[in-house]
Amino acid sequence: MVKKTLCIIFDGLGDRPIPQFGGQTPLEAAHTPNFDVITEKSLCGLVSTLGRGMRPGSDVSHLAIFGYPMEKYYTGRGPIEVAGLGIQLQEGDVAFRGNFGSVDENLNILDRRAGRIRVVDEFASAIDGIEIDGIRCIVKPGTAHRAGVVLRGGGLSAAVSDADPHAEGLPVSEVAPLDDSAEAARTARVVNEFMRASHRILDAMEANKARKAAGQFPANFLLLRGAGVYPSMPKFNDKYGLKSCCIVGGGLYKGIGAFLGMDLIPVEGATALPDTDVEAKFKKSIEMLDTYNFVFCHVKATDSLAEDGDAEGKKAFIEKADRAAALLANLPDDVLLIVTADHSTACELKAHSAAPVPVLFCNPSVRVDSVAAFSERAFAQGGFGYAEGKDIMPQVMNLMGKLHLIGA
């Protein structure tokens, strides 16, 4: 009988065929003996987290997997990002996510992630607390190049556009109101003034002068996007009658856990980067099953490597994760193991795609199918079939014997 669930979500795990791998995806080309063994004991399938033809963001796809449809609960990525940084939102706050990026003297974007800078604490601290027209701009560092920003004051709106054009070589976008309200117009003006003011401070910092002198991209601009407000939503534990925690490295995923009321469990070496200690995350996840009956573990680097177009790096990281997966091969019979992804990230595109991703359910209570290889095409033959993200938690509740009876 299933009593506990360990849900591992690989970010951007799926991909497209790669010529250098003989037409295989990085997942198909990777040597994954431990995940293959797990697959042989599992019910398998493919999932489009938002549905066919929908290209998912990480935020909405995770919410869908956990049973929170975006049309009801999603107000923008900003509130999720800042929740993961420990910022307590207040009524009337507008939250944004941001990247510390690099711009030239004409505000053309040279690099959206400042050369994938690893630590931005001093840059965030330098611009935290700027006030514009009575609005306080709160800035907190996130993982690597990321940051969270909260505008706090009266008369604000989340109905504003992004400043980030999502491509190098383009100018920073002027933030514009998305409706005719005075609040949206004011918010757009404040955001534009904040970004210009913060750019002046960042560009003059000695740390950025040193980066330029060393031939590195300076962290001299904060690109904001994903404006939103904190929504009212049921907590995961209340929704499902489970005691949950999350083991994650990236700020967004900490935010998802915090958003849903999961306890955040720190793990030394969890960086959300290719050097992250996957084995330590899996060990801690298994350990937490003594205290929690739902553990969410997130693994990020499969996504970021694909966004860099690094197919070899993505393949190597999958193999690194597989070595750690030896810890998962013989879990107790009362533990349901789920391994899936939030979306595909194509090395060819250096971006998310709408291609479905693998999902497996491993436990003696599942109807094991004939799939024997941990890969996208192999899972197309699985017994779980073709599903959507919203189908995963009902399957968990079914296997745990917690589904409500319909009818007599």
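Calculation rules
Residues numbered from 1 in each chain as written. Predicted model: local features only at pLDDT ≥ 70, side-chain atom pairs only at ≥ 80, totals over all residues. Heavy atoms only, no water. Pairing = 2+ DSSP bridges. Helix = DSSP H or I, 4+ residues; strand = E, 2+ residues; numbered from the N terminus. Contact = heavy atoms within 4.5 Å. Axes fitted to C-alpha atoms, helices over the stretch in contact; angles between N-to-C directions. Left-handed = near helix turned anticlockwise from the far one by under 90°. Nonpolar A, V, L, I, M, F, W, Y, C, P; charged D, E, K, R; others polar. Buried < 20%, exposed > 50% of the residue type's maximum accessible area, 1.4 Å probe, protein only. Polar contact = N/O pair within 3.5 Å; in protein donor to acceptor, adjacent residues only side chain to side chain. Parallel < 35°, antiparallel > 145°, perpendicular 65-115°, else oblique. Disulfide = S-S within 2.5 Å. Salt bridge = Lys/Arg side-chain N within 4 Å of Asp/Glu carboxyl O.

K.L.:
Looking at this model, I keep getting lost on the sheet that holds strand β10 (residues 263-264). Mind explaining?
P.N.:
Sheet strands pair by backbone hydrogen bonding; their relative direction is either parallel or antiparallel. Reading across the sheet, the 8 strands line up as β10-β9-β11-β1-β12-β15-β2-β16 and stay open at both edges, with mixed pairing between neighbours. The outermost strands of the open sheet, each flanked by one partner alone, are β10 and β16 (385-388). Relative to strand β15 (residues 357-362), strand β12 (residues 335-341) is paired through 4 bridges, and the arrangement is antiparallel. Across the sheet, residue L337 finds its bridge partner in β15, namely C362. Along the sheet face, helix α2 (residues 33-40) touches β1 (4-10), β2 (42-48), β12 and β15 and points at about 105° away from the line of β2.

K.L.:
Just to check I follow, could you spell out the packing of helix α3 (residues 58-65) against helix α10 (residues 251-259) for this structure?
P.N.:
Helix-helix packing: each pair is described by the crossing angle between the helix axes and the interaxial distance. Running from N to C, α3 and α10 point in directions that differ by 35°, and their axes come no closer than 11 Å. Taken as a pair, α3 and α10 cross one another with a handedness that is right-handed. Along its contact with α3, which presents S58, D59 and H62, the element α10 presents L252, Y253 and I256. Across the contact of α3 with α10, the residue classes tally to 3 nonpolar, 2 polar and 1 charged.

K.L.:
Please clarify how helix α11 (residues 278-288) should be interpreted in this entry.
P.N.:
Three- or four-residue spacings in an α-helix give side chains the same orientation, since the helix completes a turn every 3.6 residues. The set of residues buried in α11 consists of V278, A280, K281, F282, S285 and M288. Sitting at the head of α11, D277 places a side-chain oxygen 3.4 Å from the backbone nitrogen of E279.

K.L.:
Sorry, what's going on with the packing of helix α5 (residues 77-84) against α10 here?
P.N.:
As a packed pair, α5 and α10 sit with axes 6 Å apart at the nearest point and diverge in direction by 90°. Looking at the two axes, α5 sits roughly perpendicular to α10. Along the contact surface, α5 presents R77, P79, I80, E81, A83 and G84, while α10 presents G251, L252, Y253, K254, G255, I256, A258 and F259. Across the contact of α5 with α10, the residue classes break down as 8 nonpolar, 3 polar and 3 charged.

K.L.:
How do you make sense of the environment of D334 when you look at a structure like this?
P.N.:
The topology assignment puts D334 in the loop between α13 (311-324) and β12. The spacing of D334 and T5 is 329 residues in sequence and 8.5 Å in space, taken between C-alpha atoms. Setting aside anything within four residues of it in sequence, one finds D334 in contact with M1, V2, K3, K4 and N363.

K.L.:
Teacher, can you tell me more about the pairing of β2 here?
P.N.:
Regular strands place side chains that alternate from one sheet face to the opposite one. For β2, a buried count of 7 out of 7 residues is recorded, marking the element as mostly surrounded by other parts of the structure. Residues S42, C44, L46 and S48 point to one face of β2 and L43, G45 and V47 to the other, with burial holding for every one of them. Here β2 runs beside β15; their pairing, made up of 6 bridges, is antiparallel. Considered in β15, the bridge of C44 is made with L360. In the sheet, β2 pairs with β16 via 4 bridges, with the strands oriented parallel. The partner of L46 across the bridge, within β16, is Y386.

K.L.:
What is the right way to read the side chain of R113 from this model?
P.N.:
Examined against the element boundaries, R113 turns out to sit in the loop between β4 (109-111) and α6 (121-127). Filtering out sequence-adjacent residues up to four positions away, R113 remains in contact with N99, F100, G101, H145 and E307.

K.L.:
I would appreciate a short explanation of the state of the cysteines in the present structure.
P.N.:
Any covalent bond linking the sulfur atoms of two cysteines counts as a disulfide. Within this structure, the stated rule accounts for 0 disulfides. Looking at C297, it has no disulfide partner, and the nearest cysteine sulfur is the one in C7, 9.2 Å off. Left unpaired, C362 is separated from the closest cysteine sulfur, that of C44, by 8.8 Å. Exposure remark for C362: the relative accessible area of 12% places this residue in the buried category.

K.L.:
What exactly am I supposed to notice about the pairing of β12 here?
P.N.:
Of all 7 residues in β12, 7 are buried, a share of seventy percent or more. The alternating pattern of β12 places V335, L337, V339 and A341 on one face and L336, I338 and T340 on the opposite face, and all of these are buried. Taken together, the 7 bridges between β1 and β12 define a ladder with parallel strand orientation. Its bridge partner lying in β12, I8 is registered against V339.

K.L.:
How should I be thinking about the pattern of salt bridges in this particular structure?
P.N.:
Two side chains that carry opposite charge are able to pair once their charged atoms sit near each other. For the structure on display, the rule yields 23 salt bridges. Linking R377 and E28 is a salt bridge whose minimum nitrogen-to-oxygen distance equals 2.7 Å. Pair noted here: R377 is in helix α14 (residues 376-379) and E28 is in helix α1 (residues 26-29), with a separation of 349 residues, a long-range link. Notably, a salt bridge pairs E206 with K209, separated by 3.6 Å at the nearest N-O pair. In this pair, E206 and K209 are both assigned in helix α8 (residues 206-213), 3 residues apart and thus about one turn of the helix distant. Residue class for E206 comes out exposed when judged on its relative accessible area of 57%. Because the salt bridges share partners, they merge into one network encompassing D133, R186, R189 and E193.

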